[in-house]
Each structure stands twice: as structure tokens, then as C-alpha cells.
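# Coordinate analysis (summary)
Now for the letters of each chain:
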Amino acid sequence: MADEGLVTPPRLAAPKREKREKPGPLEYARQWPLQLIVGATLVFLYLPLITLMVFSFNDSRRNIVWQGFTFKYYEKAFANDSLIQAFVNSLTIAFFCTIISVILGALAAVMLWRFRFPGKTVVEGSMALPIVVPEICMGVAMLVFFARVMPWPTGLPWPLNLGAITIAHISFAFPFVATVVRARLSSFNRELEEAAKDLGASEWRVFWDVLVPHMKPGLIAGALLAFTLSLDDFVITFFTSGPDTITFPVKVYSMLRFSVTPEVNAASTILIVVTVALTAIGLHLQNQKPKEGKA
Amino acid sequence: MEQSWKQAKAAFAAIAVPPVAWLVLFFLIPLAVIWAYTFGENTGPVTIDFTGTFANYARALEPLYLQIFGKSLIIAGLTTVLCLIIGFPVALAIAFASPRMKAWLLLLIMLPFWTNLLIRTFALIAVLREQGYVNFALEWLWNNASGFMTLIGLQPFGDYEPLTLLYNNTAVVVGLVYVHLPFMVLPLYSALDRMDRSLMEASLDLGAGHLRTIWAVVVPLAAPGIASGVLITFIPALGAYLTPDLLGGTDSQMIANVIERQFKRANDWPFGAALSFLLMYLTFIAIAAQAFVQRKAERRG
Amino acid sequence: MIKPNPIISFEGITKRFGKTIAVDSVNLQIQEGEFFALLGPSGCGKTTLLRMLAGFETPSEGRILIDGKDIAQLPPNKRPVNIVFQSYAVFPHMKVSDNVAYGLKMDGVAPGEIKTRVAEALSLVKLDGLGDRMPDQLSGGQRQRVALARALVKRPRVLLLDEPLSALDAKLRDQMRSELTSLQEKVGITFIMVTHDQDEALAIATRCAVMHRGVLTQVATPADLYEFPNSRFVADFVGSVNMFEGVLEKDEPNEAQVRCAELSAPVYLDHGVTGARGATVWVALRPEKIEMHKRAEGSTAMKMEDAPGGANVVPGVIRDIVYLGSETNYEIELEGGRRVRTFRSNLTRYDQEDFTWDEPVWLAWHACSPAVLLS
């Protein structure tokens, strides 16, 4: 297989990439000014959070200077009944909010994706409103609604007394879910639906057997989003909660206003860990899905 | 391939009614009630009369409150600009990083976004206060520099005066930037990542420097993404409540704080409603502006 | 075996989308057991017609009958018709056997029977043993077989195929072609195929309908379509053709003559053409029917035995030669500038008569070769 007449270059093998090869003109990530900016930004973003978490172990009531390692503020936090109750409330609300938001969001997404109907643009716009409207406006609206228009009965047993907050959370979370699911639906091959019908499936069966499996990654992402939005919400909850329906962020806020001991740090750290863990699980679930080929 | 709702009326009803009904009952109606309140008056500690008055709006436009609106707009604007200045290079770096680094960097930038706003803001208190980390660091530098001065035989500096970084407008801006930076980076990154690299290479090939290329080529092409990022930073910043509440001083009140006071303490719901709606109108104006910029950019192709 | 009873009947079918007419008054009958092809360029309405049969579009006018019954009221899941989509539409989240079993499940067939029938169907399409695979583990060709099995396992009266071979590469296409024909013979039901590829249609179908802009232009066997097209569109769409406009000079029961401006000699036919004397007609001559002979300078015209003096022979000069291995295509320029295509099989390995560029030649054809078209 001699290449007659061709001059073979002296080095046939591809040159090994030198360790300190100069970055190409567009490889911005490898140029020092940008590396400096990115690094500084990351420090700026993480330093306060990390110090907060570290100082939750600080053995000092005023928590200004490091004075020693201790778990006692965590113990205090776990022993703080109202804090625990608030945490349980938050989880309960987030749980119900997620379930109903996913259902409503999925239905809204299918409605907008599949049907042509009079007034569709108005409905689409209205669906976007909860995402766009400032939280304070929505919080205020919910306050008025549950105080004057549809008063939520007081004195209900737990968890029904969390109803007002849950409803408020669902109202602002399900449009987010709808957006995520709608994005997923746009990649759906319509012929799958027709194939199912051709094979004898009713509308309902088509929905369950073909559409929902396709939506699944979107549903999971939406559920994660709804859960996090609910768990972390402050402003809207602040306006719809009462003295006996406190959620975790609201409780931490009142702790902040009154006394800033490492207990607040401890509670905050717990919330951070929970949220990050959930996000990690969700991302892992999403990446683990078997690749769906375009059949 | 949409189908008309008439072709599957039962299915359409089953699908459309729950979300729309919920939206109407628990979102549109409350908003409508608030809107009605803007035309109402307090006629007693718990009663409100709908008199169709514009007095609430008029009061909202008095110098006192106008000033607060103005300040909120400025703070939100400043926040947005700062986020843009910091966020753009970061987004650029991520968009042009190797695929592996890209995923990690994105994750690192977005992770703080997943943590609670309250906690993020609270974390800044420990950093910015007079006995906070910034001041500690500066003090350390100051004292060491002072020590160095004595070493070379010059007069040492005086005592370190800690900077007042908390409970003022500066703190609010820093806090807002801190909280909203990830919001700005993501759409910027999206737009930059999708951009045609060959256009930049062409510019460099024709002799333009990097900064020139970025200004003349990258920015116009990424304009829709920039507009998006600006929007989703500006709007939340404008309506921010927690950050000015925790980090601001008495003169760093933003609109949201004033609104909260009307509902929780001053018990003047009609006035609070008017303020809320003015905030909403500002929001819609901002959205319309962004849509306008987007359409102009798209027409340019 | 084609039985002489129309299993499918389109009566006056029209479909409008807004102001556009996609299908225009189609009347068509398809016999049981046929492998029928709907052929035409994209946008001609063939897919719309198929979808109306399957139930995914409703006709604006007209009726569709299956076995003599009007199926307008039946939704797609109740028609005795199954379709294999262009994208195959295999359910990505179900394994192969579940895909194939889906239709049977919807019909409420007992699980035991489902299992046997699924195995049968997989065997029929030569996918035995792949029942537990997921679709993304299969090749495109295999996924198509899953779609086929899935449709056939329901034992429909008619199987519809939307562009079945367009997504396959050349080798696979040939293979699938013969497999589809043998499959149809084995299963014995009516197959209706939609395609834009005339090679496919000619090779597989027992009968073809050519559609153009929503109108059914000709329905015939492949051979009849090729040799006896009824319009310029069909002549041009099916195979390649040299078309000449002319005037009908003579028209008798067993002979006719056309004079074309672009041809220096008249075109003589050995059969009559039902047209008015003096009318404008078109002569269609397929390249393979044109003979090419060397022409010496200044020689008198060649003569064809089956045509009167000088007819059916024109002089020309070779302007382009394209060597294709098994044959060589020639483009010949006639007096007056018109170019004509013809080809010769390379029958021997050595050039018997080596034609070359700018060589003067005679083009000649038999009196039975041209087709005269009135539209």
C-alpha cells in the first residue's frame, strides 16, 4: 500500500497535545482574565453560603468570631418544636402542591399543545401571568382572597389548615410545570398517537399509553421544580400563613428578626442540604432515563 | 398538527377545565379583587367601600411614593447592569469552555439558585456587617499594611474604620446582585452557546481585536438572550421584598416593602392594592419593551 | 390472487383545507388482494387520500366504502384498516412484543392468544426472538418490520403503507421491496402503498394510480402506465421521456401521422389516434425506443421498413455522453437545436460502434414506439 509519489510527512502520528498549549482565540475559558472573573464570581457566590454553613457549628452565641466547634445549635434546632413543626408543614405543603401542580400543569400543557380553540391566546397569556407577576402582588392578592372572598375556615385540623397556603403555592407553581411539560411535548411525534388510534385505542388509552410516557421526563422535571418552588417560597407564604400555619422559611425569618444565633445558621444549613439533595436526586433521575429513540 | 377542539369535545373539556378553572378561581379572581380594591376606601377597621375613587392612585403618585418607585427602579436598574457586567464574561467563559467544564460550571453557577432566597440574603449579613468578613479582611490588610509602613520607617496608618456596608442602599444592591446573578447568566449562556462561532472567527480573521469582536459581533447576535436575561433579572429585582427588608436601612425601602406595610401594619388595603397594581404595570411595560427589542433583533435576522 | 370484487371504493372524494383543494373528486376502486400504489409527486394529495381511508382526515365531499359499507361514521380505531406510518411510529417506551401486542390488547384478545399471535407475526416479518428488545436497540429496517408486524397481527382487511421504502438505503430498499411483495402474497390481503418513487411503484404494485394536484390522472398496471400513458404528466413522471409538440396530420383507423416543429421528419404511427385532424398533440418517445446509427457525411436518409419514406428518422449530432457502466446515455442535438436523450446497453466489453462527441448520427424508431398524447 505504498503511496507512490506522495511525500509522507516526517511525523505520521497526530502530535500529542502539549500540556501547556496556548489556548485558541475563542477558547475563552482558558484565558486568564476570564478565568479570574469566573473564579472571583464563584467565590463571591459561595463564600457567604459556606461561611454560613461553617458558622452553624460555631460555639458562640453572638456568632461573630469563631470560638470553637459544637453541635449544640443543631441540637437546639432539632429540639425546637415550632421549628420542627414548621419544617413538617413546609414538607406537607410542598408534597400536596407538587402532586396537584403536576396534574394541572400537565393538563394545561396538553391543552395548549394539542387543541385549537377560540380564545387560546388569552388562555396562553393568562397561564404566563403567574410566572411574570411580581410575587408581592400575588401574595397580596392571595391574602385578600382568603380573608374576604373565600375565607379559609379556621380551626381545621392539620393538615387541612394548610389549605390556603397550599392553594396559593399551586397557583403559582403549576404554570411553571406547564411550561416544562409543554417544552417536552413539542418533541412528540404525532404519528405515535395516530398509530395507537389506528390500532384500536380510545382517546383515553392514547393519553395514558403513549402521551404520558413521553411526557414523563417533563413531568419529573416539573415535579422537582414545583417542590422546590413550594419549599423555598417566602413572600407568598408570608401573606397567606397564620400563627398556627407557619412554614420553614417564614419561621427562619422570624428567628432572624429576633435573635441571630447559630441556631438560625443550623436551620438554614439543614434547608440548604435538603434542597440541594433533592435537586441532585432529580437531576440524577433525569439523566438516568434510557434514551428514547425516535421510532 | 393541532386539532380543533370541536373534534374531541369531551376530551377537550376533561383536559382544559381543571387548569383553567383553577387559574380563574385562584389567580384571576384574586387579582381582579385587588384591582377592584384600588378603587375602594377604608370605611372602618375591617370594611372597605368600593367608591370608584382614584384617590389611591393619586396618593401613590405623590412625591413621597414616587420617590420610592424611582428609587426601586434605579436600584433594580443598577442591579441589572451590574449583573450584566459580571454575568456576561462568566457566560462567555462557560459557553466557550470544553464540554466537560461546561456542565460543571453551569451546575456550580446554578446551585446557589436552588438554595433559599432568605438564606442567601441572610448569609450576606454576616459578610457585610461592621463585624463581618469584608471588614475583617480589610482590617487585616490595613493592619498589615500599617505594619509594613513602620517596617520601612514611615508613619503607621491610624486605626481601621470599619466600612458601613449594611443597612443601606449599597447593601441592597449587593444583595440583589448576589441573589439574581444566576438568573442573568443562564439566558446569556444559552444565547452565546447557540451562536455561530464562525462569525466571530471571521471577525478576528479580518483584524478586529477580541473586545471589538465582542462588541460588534457577539452582542448584536446575542441581543435576544441579553434582553431575556435583563428582563428576568430586572423584574424580580424591582419587586424584591426580602433583600431590602433584611439588608436595607430605613431609607432603603423598595416598593414591595411599602406594599407589605399597607397590608400588614397600616391596614390600608386599597392603597396597598393601588401600589401593587402600579408595580404590575411597570412589570408589563418592561416585558413589552423586551418583546419589542426581541422583534427588532429577529427582523434583523 | 386478485379477486374481482372491489374492497375499497372512493366515490367523488374531495378534500379541502381552507381554500386549497388537496383531493379533487377522486373516483377509484381497489380490488381485494391487489398491491395497489398511489403514485405522485409531493403535494399531489396521495397521502391525504390514504389518511382519509385510515380515518385521520374527513372528506369534505364524497363517500368511502369498505366492503360496500360507508365508513364515514367510523373513527380510525374501529375501521378494518391498519396503517404503517412513514416514521414507523413504534412506541419507544414499549418493547417489541408489547408494541406488536398493543392492537390485540385494545381489542380485548385473551393473553394466551396474544402471545401466540405476536410470535406468529414476528416470525412473519423475520424478527423472531427479538420480542424483548427495546425499539432504540433496533435498526431502522427492523423498526419498520415491527410496525408491519404490529399492523398485520390484527388481520386487517387492508394494510396501508405510507412511503415504506423512502427512509431506507439502496440495498435495504431492494431487499424490502421483494419482502413486501412476498409478504403480501403470503398474507393475501389488500395492500395500498403511497409513494413518490415511480421505480418503487412500478416494481411492486399490481396496479397504480397516478395523482397530480389532487386529481387522479391515470389508473393502470405498471406496464400500461409506462407504455400507454394518458397524459404528458404521466409520461414524464413515470420514467424518462422525450416529448415533442406537433400537429395531427393524418388519423386513420390503423395509422396516423404527426408533424412536429422540432423534428425534421414526420412521426408515423401504426395505429390510429382518436383526435381531430389538425389538433395539437404531443408525441412521447422513450429513450430506449430510439435507435442510434452512424451517419456518414452527405449520405441520404436512412429508411425504416415500417414507415413511409423518411418518417421516423431524424439526423442529429451527439453532444453529451454519460457513461454509467451497464449502459451509456447519449444526448443528441437535432437540427433546430432540440436535444433528445437515448441510451445503449453496453452489450459487449469492447466498443462495437464507438460513438463519440460531435459524431453525426441517425435517430430512428419503430412505428409502434411513439405514444401520442392529447393533453
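The shown structure was predicted, so the numbers you read here are calculated from the model rather than taken from an experiment. (Residues numbered from 1 in each chain as written. Chains lettered and ligands numbered in written order. Predicted model: local features only at pLDDT ≥ 70, side-chain atom pairs only at ≥ 80, totals over all residues. Heavy atoms only, no water.)

### Some words on the packing of helix α4 (residues 99-114) of chain B against helix α7 (residues 169-194) of chain B
Residue and element names in this part refer to chain B. Between α4 and α7, the shortest axis-to-axis distance is 9 Å and the interhelical angle comes to 155 degrees. For the element pair α4 / α7, the angle class is roughly antiparallel. Between α4 and α7, the contacting residues are K102, L106, I109, M110 and F113 on the first element and P182, F183, V185, L186, Y189 and D193 on the second. The residue inventory of the contact of α4 with α7, partitioned by class, reads nine nonpolar, no polar and two charged. (Axes fitted to C-alpha atoms, helices over the stretch in contact; angles between N-to-C directions. Helix = DSSP H or I, 4+ residues; strand = E, 2+ residues; numbered from the N terminus. Parallel < 35°, antiparallel > 145°, perpendicular 65-115°, else oblique. Contact = heavy atoms within 4.5 Å. Nonpolar A, V, L, I, M, F, W, Y, C, P; charged D, E, K, R; others polar.)

### Regarding the packing of aromatic side chains
This model, assessed by the stated rule, comprises 35 aromatic pairs over all chains. Considering the side-chain rings of F145 of chain A and F26 of chain B, the 5.9 Å spacing of their centres and the 80 degrees angle between planes classify their relative orientation as edge-to-face. Linking F145 of chain A in helix α5 (residues 135-149) with F26 of chain B in helix α1 (residues 9-37), this pair reaches from one chain into another. Judged by its relative accessible area of 1%, F145 of chain A falls in the buried class. Among the aromatic residues, those joined into a cluster by ring pairs are F234, F238, F239 and Y253 of chain A together with Y241 of chain B. Geometry around F239 of chain A places K264 of chain B over its ring, the cationic atom sitting 5.6 Å from the centre. (Phe/Tyr/Trp six-rings, centres within 6.5 Å; stacked < 30°, edge-to-face > 60°. Buried < 20%, exposed > 50% of the residue type's maximum accessible area, 1.4 Å probe, protein only. Lys NZ or Arg CZ within 6 Å of the ring centre and 35° of its normal.)

### A look at the environment of L219 of chain A
All names here are of chain A. Structurally, the position occupied by L219 is in helix α8 (residues 203-232). In this structure, the C-alpha to C-alpha distance between L219 and I103, residues 116 residues apart in sequence, is 8.9 Å. If near-sequence neighbours (up to four positions away) are discounted, L219 is found in contact with V102, A106 and V181.

### Remarks on the sheet that holds strand β3 (residues 35-39) of chain C
Residues and elements named next belong to chain C. Pairing is mixed in the open sheet, where six strands are placed in the order β6-β7-β8-β3-β9-β10. The strands lining the two open edges of the sheet, one partner per strand, are β6 (81-84) and β10 (215-220). Along the sheet, successive strands turn relative to each other by an average axial angle of 20 degrees, direction set aside. Strand direction decides the pairing type here: β6 and strand β7 (residues 158-162), joined by four bridges, are parallel. Directly across from V84, in β7, lies its bridge partner L161. (Pairing = 2+ DSSP bridges.)

### Comments concerning the sheet that holds strand β19 (residues 360-364) of chain C
Residues and elements named next belong to chain C. Strand order in this open sheet of five strands is β15-β19-β16-β17-β18, and the pairing throughout is antiparallel. Each having just a single partner strand, β15 (291-294) and β18 (339-345) make up the two edges of the open sheet. Pairs of neighbouring strands in the sheet enclose a mean axial angle of 45 degrees, with direction left out of account. Sheet topology note: the β15/β19 ladder contains four bridges and is antiparallel. Bridging across to β19, E291 finds its partner in A364.

### Some points on the interface of chain A and chain B
With 87 residues of chain A at the contact, the number on the chain B side is 82 residues. Together chain A and chain B conceal approximately 7,800 Å² of surface at their shared face, both sides included; 78% is due to carbon and sulfur atoms. Taken together, the connections running from chain A to chain B amount to one salt bridge. Of the charged contacts, one joins D245 of chain B and R257 of chain A as a salt bridge, the two residues approaching to 3.8 Å between their closest N and O atoms. The class makeup of the residues in the side of chain A that touches chain B is 66 nonpolar, ten polar and eleven charged. The pairing of strand β1 (residues 115-116) of chain A with strand β1 (residues 3-4) of chain B spans two bridges and is classified as parallel. Each residue of the ladder has a partner; that of R116 of chain A, found in β1 of chain B, is S4 of chain B. (Buried area = accessible area lost by both parts, 1.4 Å probe. Salt bridge = Lys/Arg side-chain N within 4 Å of Asp/Glu carboxyl O.)

### Side note on the confidence of the model for chain C
The predicted coordinates should not be examined in detail at positions where pLDDT is low. Overall, the prediction assigns chain C a mean pLDDT of 89, with 98% of residues at 70 or greater. Predicted as a complex, the structure gets a pTM of 0.75 and an ipTM equal to 0.80. (pLDDT = per-residue confidence, 0-100.)

### Regarding unusual backbone geometry
Residue and element names in this part refer to chain C. Its identity is not glycine, yet S25 carries a phi of approximately 45 degrees, on the positive side. Given the relative accessible area of 44%, S25 is considered partly exposed. Although it is not a glycine, R155 adopts a positive phi angle of roughly 50 degrees. Along the chain, R155 turns up in the loop between α4 (140-152) and β7.

### Some details on the state of the cysteines
A complete count under the given rule lists zero disulfides over all chains for this structure. In this structure C97 of chain A is not part of a disulfide, and its nearest cysteine sulfur, from C137 of chain A, lies 20 Å away. No disulfide involves C44 of chain C; its sulfur sits 12 Å from that of C208 of chain C, the nearest cysteine. For C44 of chain C, a relative accessible area of 1% gives the class buried. (Disulfide = S-S within 2.5 Å.)

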